[in-house]
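Take a look at the letters that make up each chain.
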Amino acid sequence: MGISVRPVTIDDYDEIFKLWNSTEQSKKALNPVDDSREGIARYLRRNPDTCFLAVTNDGLGNAPEVVGVILTGHDGRRGIIHHMCVHPSFRRQGIAGMLVKKAEAALKAEGINKIFGLVFKDNDPANSFWESQGYTLRTNLNYRNKSLNDKVPQGE
């Protein structure tokens, strides 16, 4: 079975949301506003060329299955990886690496020279993966956030 990578569209939302819910770590990162259909549509309007899906191609004409996604964007200065997920049944096949390379190339094409991402401290497999991709741990920063919407959790 082959895997291809293509840009994300809002029409992919239901499959992406299903993928995010296939793993506890991804579910933990979701919030009801920013990760709603409307929130993702807003994100894709702002970042139309930097978000990608990995889909199956069985060569038999069956409908492709979404098995990976990466949402990346930028503010004109720094890139950020907001969400990356590969379905548990498709891990360790190079899909995450393909998605990262595609997103990095897209950000570089838009003039972005540095990327950061957020990974839960207790997600050892993800932290190991990002380290293997050349992403180093910054220990000299504190990540702070403030929710401007009562429906969005403040976080730990």
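Refer to the preceding data block for the structure.
Residues numbered from 1 in each chain as written. Predicted model: local features only at pLDDT ≥ 70, side-chain atom pairs only at ≥ 80, totals over all residues. Heavy atoms only, no water.

**With respect to the pattern of salt bridges**
Here is step 1: This model, assessed by the stated rule, comprises four salt bridges.
Here is step 2: As a salt-bridge pair, Arg6 and Asp12 come within 2.7 Å of each other at their nearest N and O atoms.
Here is step 3: Asp14 is the salt-bridge partner of Arg37, the closest N and O atoms lying 2.9 Å from each other. Of this pair, Arg37 sits in helix 3 (residues 37–46) while Asp14 is found in helix 1 (residues 13–20), placing the two residues 23 residues apart along the sequence.
Here is step 4: Its relative accessible area of 48% is what places Asp14 among the partly exposed residues. (Salt bridge = Lys/Arg side-chain N within 4 Å of Asp/Glu carboxyl O. Helix = DSSP H or I, 4+ residues; strand = E, 2+ residues; numbered from the N terminus. Buried < 20%, exposed > 50% of the residue type's maximum accessible area, 1.4 Å probe, protein only.)

**Things to note about the state of the cysteines**
Here is step 1: Scanning the model with the defined rule gives zero disulfides in all.
Here is step 2: This cysteine, Cys51, is not joined by any disulfide, and Cys85 carries the nearest cysteine sulfur, 14 Å off. (Disulfide = S-S within 2.5 Å.)

**Examining the layout of surface pockets**
Here is step 1: There is about 170 Å³ of room inside the second largest pocket.
Here is step 2: In terms of lining, the second largest pocket is formed by Glu104, Leu107, Lys108, Ile112, Asn113, Lys114, Ile115 and Tyr135.
Here is step 3: Across the lining of the second largest pocket, the residue classes break down as four nonpolar, one polar and three charged. (1 Å grid on protein atoms, 1.4 Å probe; cavity = no way out; pocket = protein on both sides within 12 Å on 5 of 7 lines; lining within 4 Å. Points joined across faces, edges and corners; volume = space filled by probe spheres on them. Nonpolar A, V, L, I, M, F, W, Y, C, P; charged D, E, K, R; others polar.)

**Some remarks on the pairing of strand 4 (residues 79–86)**
Here is step 1: Extensive coverage of strand 4 is indicated by the burial of six of its eight residues.
Here is step 2: One ladder, built from seven bridges, connects strand 3 (residues 66–74) with strand 4; its direction is antiparallel. Residue pairing across strands places Gly68 opposite Val86, the latter belonging to strand 4.
Here is step 3: When strand 4 meets strand 5 (residues 115–117), the two strands line up parallel, connected through three bridges. (Pairing = 2+ DSSP bridges.)

**Regarding the nonpolar core**
Here is step 1: Core analysis: the largest hydrophobic core is formed by 17 residues, its most contacted members being Phe52, Ile70, Val86, Ile95, Leu99, Val100 and Trp130.
Here is step 2: For this core, the secondary-structure elements that each account for two or more residues are strand 2 (51–57), strand 3, strand 4, helix 4 (95–109) and helix 5 (124–132).
Here is step 3: Leave out the neighbours within four places in its chain, and Val86 touches Leu19, Val67, Gly68, Arg91, Ile95, Ala96 and Leu99. (Core = buried A, V, L, I, M, F, W, Y, C linked by side-chain atoms within 4.5 Å. Contact = heavy atoms within 4.5 Å.)

**Here's the deal with the side chain of Asp35**
Here is step 1: When you line up the elements, Asp35 lands in the loop between helix 2 (24–29) and helix 3.
Here is step 2: Although Asp35 is buried, it forms no salt bridge, and the closest oppositely charged side chain is Arg42 at an N-O distance of 8.6 Å.
Here is step 3: Among the polar contacts listed, one links the side chain of Asp35 to the side chain of His83, at a separation of 2.9 Å.
Here is step 4: Discounting residues that sit within four places of it in the chain, Asp35 has contacts with Tyr13, Phe17, Trp20, Ala29, Leu30, Ile40 and His83. (Lys, Arg positive; Asp, Glu negative; His and termini not counted. Polar contact = N/O pair within 3.5 Å; in protein donor to acceptor, adjacent residues only side chain to side chain.)

**Overview of helix 1**
Here is step 1: Within helix 1, the full set of buried residues consists of Tyr13, Ile16, Leu19 and Trp20. The buried side chains of helix 1 occupy one side of the element, clustering within an arc of 125° when seen end-on.
Here is step 2: Where the residues of helix 1 are buried, they touch helix 2, helix 3, strand 2, strand 3 and strand 4. (Arc of directions from axis to C-beta.)

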